[in-house]
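Spelled out, the chains give:
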Amino acid sequence: MNYNTLEDKDFINLISTSSDYYVIMFGASWCGPCQIMKPVYDELATSHKYQKLVKFVYLDRDTTRHYNQDYGFEIPTIPRFFLVKFEANGIFSHFNIKISFGGSQSLDSFNQKLDDYFSISNPQKNANTTESPNIDFSEITNTLTNMNTITHKKPTVAIIGSGPSGLTAAIYTARAELETTIYTGLEPGGQLTTTTEIENFPGAWDATTKAGMMGPDLMQLMQKQAEHFGAKSVLTEIRGIEIDDKAETKFTLDIGGKKEKFDAVIIASGASAKYLGIAGEEKFVGKGYHTCATCDGFFYRGKIIAVIGGGDSAMEEANFLTKFAEKVYLIHRREEFRASKIMLERARENPKIEFVLNKAPIDFMGDEEVTGLVLKDSITSQTSELNLDGVFVAIGHIPNTGFVKGQLSMDETGYLIPQAKRPPEERTSHYGTMSEIPGIFIAGDVEDKTYRQAITAAGGGCKAAMDTEKWLADQE
Ligand code: FAD
Ligand code: NAP
């Protein structure tokens, strides 16, 4: 075929990116005259005189019935043809329908219609030309049928956060032709930029060296991928969101002195692992000091390590780490635990776990890498040293939700609550990732205290972007 068959999304893409002339044929597989016209149309697409100027496409009438209302294509019968000029200029996109005609056409009658149009719009030009890329169309007259102008502005989406959830969301929204701005926050790339090798992100793995990608490299790739599809990154932190239901553009982001307006917002601001707050901590992150057992436990096969904390996370991580480590000390500052009974019992029954209670870490041992911890007894205040190959801190996470406090509902630990996580009777929308404010969507660790993995965050970003796209389309 010398013409392309377009789907709905391709047509939307044309409106927003093209500044060419197109002949569009609307037909259907069940329509006999359309099937007869298709070879003629195909021949026209190869042999027409305006080869460098006009492109030919085909759209299925059955899947584009709304085009009459949406774009002004009046199609009383099929096949029907339109000569259309797209006018995308990077900000606004519209198109003009220049000629419309229906029924079966011979090659000659088809060419004649194009000749008529181009000679009227540019009388000086010889209609037989095969090269007319610089035609001045200012003389286009209104005598032609169906003059119609539809103006479309691309909907705008702000993505707050540039971790796996934010960047995945950006890839999806940008590919869906939404004007996408990523506000990276102060940790561009998110939590994974604070770690070394990522071994559990599917596909980000070298089959030759059998090694995963480094966290910062993986995040840089995600960012490049999002930017390739048109997303724009802005290195700044969002301070707040103003909402005006009556305004044409509902959301205004506070970017520290500057304000930007958006049609929809995806919050993907993640959660930060709580750190102990003792001296030297930053220097040891990734060098024997970790916040994620699933991520880094594998590196401690046959080693002696410690988990700090007394909640479910600490129990879970300690149990998990016994798969690799020879011995796991569970260090907790009290004798009572926040952990659930079942999790606590499971840890207690594990022969590789030894509980060290009423002890709080006050210092690291080691120069370049952690070699142990200095502990202080909470009752006697005595200090002691414990030699270790690695330390995993599991004392909770803090979701980065301060900038929407009081605006969006959160659980008792500050995690946002998308519709899908609310009891059915409290849901106000069928969009699972939407907050209680229509147009604000939520993705990744900022709403997920259970899984907290790069791949689950990326999956959340994908879902939020798809919900955003559908919700925006519903608003039109
Ligand atoms: P984050 O990655 O937390 O990103 C949040 C983003 O929001 C950041 O860019 C931040 O700058 C931005 N932000 C925050 N507040 C604002 C604001 N007000 N305005 C604008 N932007 C803001 N998972 C794995 O699957 N495999 C691993 O090997 C692995 N290793 C890990 C190692 C470490 C040391 C840590 C800490 C985590 C690890 N994880 C791992 C977990 C994984 O990193 C997270 O689950 C994932 O990054 C969550 O992605 P996210 O996009 O939801 O949030
Ligand atoms: P958590 O329940 O808040 O427990 C944090 C633990 O860290 C507490 O024992 C706390 O000690 C200790 N801690 C806090 N700050 C410390 C510090 N500076 N130094 C030393 N210790 C410190 O957090 P979590 O374990 O991450 O659990 C969070 C939520 O996720 C909980 O609701 C939990 O049930 C849930 N979760 C569930 C599962 C599961 O069901 N499989 C797994 C993980 C988490 P104190 O007790 O003395 O304050």
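In this text the structure is predicted, and so the values were computed from the model without any measurement.

Conventions adopted
- Residues numbered from 1 in each chain as written.
- Chains lettered and ligands numbered in written order.
- Predicted model: local features only at pLDDT ≥ 70, side-chain atom pairs only at ≥ 80, totals over all residues.
- Helix = DSSP H or I, 4+ residues; strand = E, 2+ residues; numbered from the N terminus.
- Rg over C-alpha atoms; globule rule 2.2 N^0.38 Å.
- Buried ≥ 20, exposed ≤ 12 C-beta atoms within 10 Å, placed from the backbone.
- Contact = placed C-beta atoms within 7 Å.
- Near = placed C-beta within 6 Å.
- Nonpolar A, V, L, I, M, F, W, Y, C, P; charged D, E, K, R; others polar.
- Pairing = 2+ DSSP bridges.
- Right-handed = clockwise from strand over helix to strand, strands pointing away.
- Axes fitted to C-alpha atoms, helices over the stretch in contact; angles between N-to-C directions.
- Core = buried A, V, L, I, M, F, W, Y, C linked by C-beta atoms within 7 Å.
- Domains from an automatic or database assignment.

Asker: Mind showing me how you'd approach the overall build of the protein here?
Answerer: Check the secondary structure of the protein and you find eleven helices and 27 strands. Relative to a compact globule of 476 residues, whose C-alpha radius of gyration would be 23 Å, the protein shows 30 Å and is clearly more extended. Taken along its principal axes, the extent of the C-alpha atoms in the protein is 100 × 55 × 40 Å. For the protein, the proportion of its 476 residues judged to be buried stands at 36%. A sequence separation of at least 24 residues applies to 65% of the contacts in the protein between residues at least 6 apart.

Asker: What should I look at first to understand the site of ligand 2 in this one?
Answerer: The environment of ligand 2 is formed by 17 residues, the closest being Gly-310, Gly-311, Asp-312, Ser-313 and Ile-395. A per-element tally of the shell around ligand 2 places helix α9 (residues 312–321) first, with four residues. Per-class residue counts for the shell around ligand 2 are five nonpolar, six polar and six charged.

Asker: Sorry, what's going on with the pairing of strand β20 (residues 327–332) here?
Answerer: It is a general feature of regular strands that their side chains alternate between the two faces of the sheet. Among the six residues that make up β20, five are buried, leaving the element largely enclosed by the rest of the structure. One ladder, built from five bridges, connects strand β19 (residues 304–308) with β20; its direction is parallel. Considered in β20, the bridge of Ile-304 is made with Lys-327. Taken together, β19, α9 and β20 form a β-α-β motif whose crossover is right-handed. Relative to strand β21 (residues 353–357), β20 runs parallel, the two being bridged by five bridges. Paired with Ile-331 across the strands is Val-356, a residue of β21. Each parallel crossover has a hand, and for β20 linked through helix α10 (residues 341–349) to β21 it is right-handed.

Asker: What exactly am I supposed to notice about the sheet that holds strand β18 (residues 289–290) here?
Answerer: Remark on secondary structure: sheet strands pair via backbone hydrogen bonds, oriented parallel or antiparallel. Judged by pairing direction, the sheet is parallel, and its five strands sit side by side in the order β18-β25-β19-β20-β21 without closing on themselves. The open sheet has two edge strands with one neighbour each: β18 and β21. Sheet topology note: the β18/strand β25 (residues 390–393) ladder contains two bridges and is parallel. Following the sheet pairing, His-290 is matched in β25 by Phe-392. Along the sheet, α9 makes contact with β19, β20, β21 and β25, crossing β19 at roughly 165°.

Asker: Please clarify how the nonpolar core should be interpreted in this entry.
Answerer: Within soluble globular proteins, side chains that are nonpolar tend to cluster in buried spots. Formed by 49 residues in total, the largest nonpolar core has its most connected members in Ile-159, Ile-160, Ala-169, Ala-170, Val-265, Ile-266 and Ile-267. Looking at this core, the elements with two or more residues in it are β7 (156–160), α5 (164–175), β8 (179–183), α6 (215–228), β14 (251–254), β16 (264–267), β27 (440–442) and α11 (454–475). In this structure, Val-307, Leu-330, Val-370 and Leu-388 belong to the second largest nonpolar core, which totals 29 residues.

Asker: Got a minute to help me understand the pairing of strand β2 (residues 21–27) in this structure?
Answerer: For β2, a buried count of seven out of seven residues is recorded, marking the element as mostly surrounded by other parts of the structure. Taken together, the seven bridges between β2 and strand β3 (residues 54–60) define a ladder with parallel strand orientation. Counted as the bridge partner of Tyr-22 is Lys-55 from β3. Sheet topology note: the β2/strand β4 (residues 80–86) ladder contains six bridges and is antiparallel.

Asker: What is the right way to read the site of ligand 1 from this model?
Answerer: As a structural note, the neighbourhood of ligand 1 is formed by 41 residues, with Gly-163, Gly-185, Gly-190, Gly-270 and Gly-444 the closest of them. Elements represented by at least two residues in the shell around ligand 1 include exactly α5, β17 (271–273) and α11. Looking at side-chain class alone, the shell around ligand 1 contains 19 nonpolar, 18 polar and four charged residues. A domain-level breakdown of the shell around ligand 1 finds at least three residues from each of domain 2 (156–273 + 398–475) and domain 3 (281–395).

Asker: What am I meant to see in the sheet that holds strand β13 (residues 240–243) here?
Answerer: Taken together, the three strands give an open sheet; going across it, the order is β13-β14-β15, and neighbouring strands pair in antiparallel fashion. Because the sheet does not close on itself, it has two edges, and the strands there are β13 and β15 (259–262). Each neighbouring strand pair of the sheet contributes to a mean axis angle of 30°, computed without reference to strand direction.

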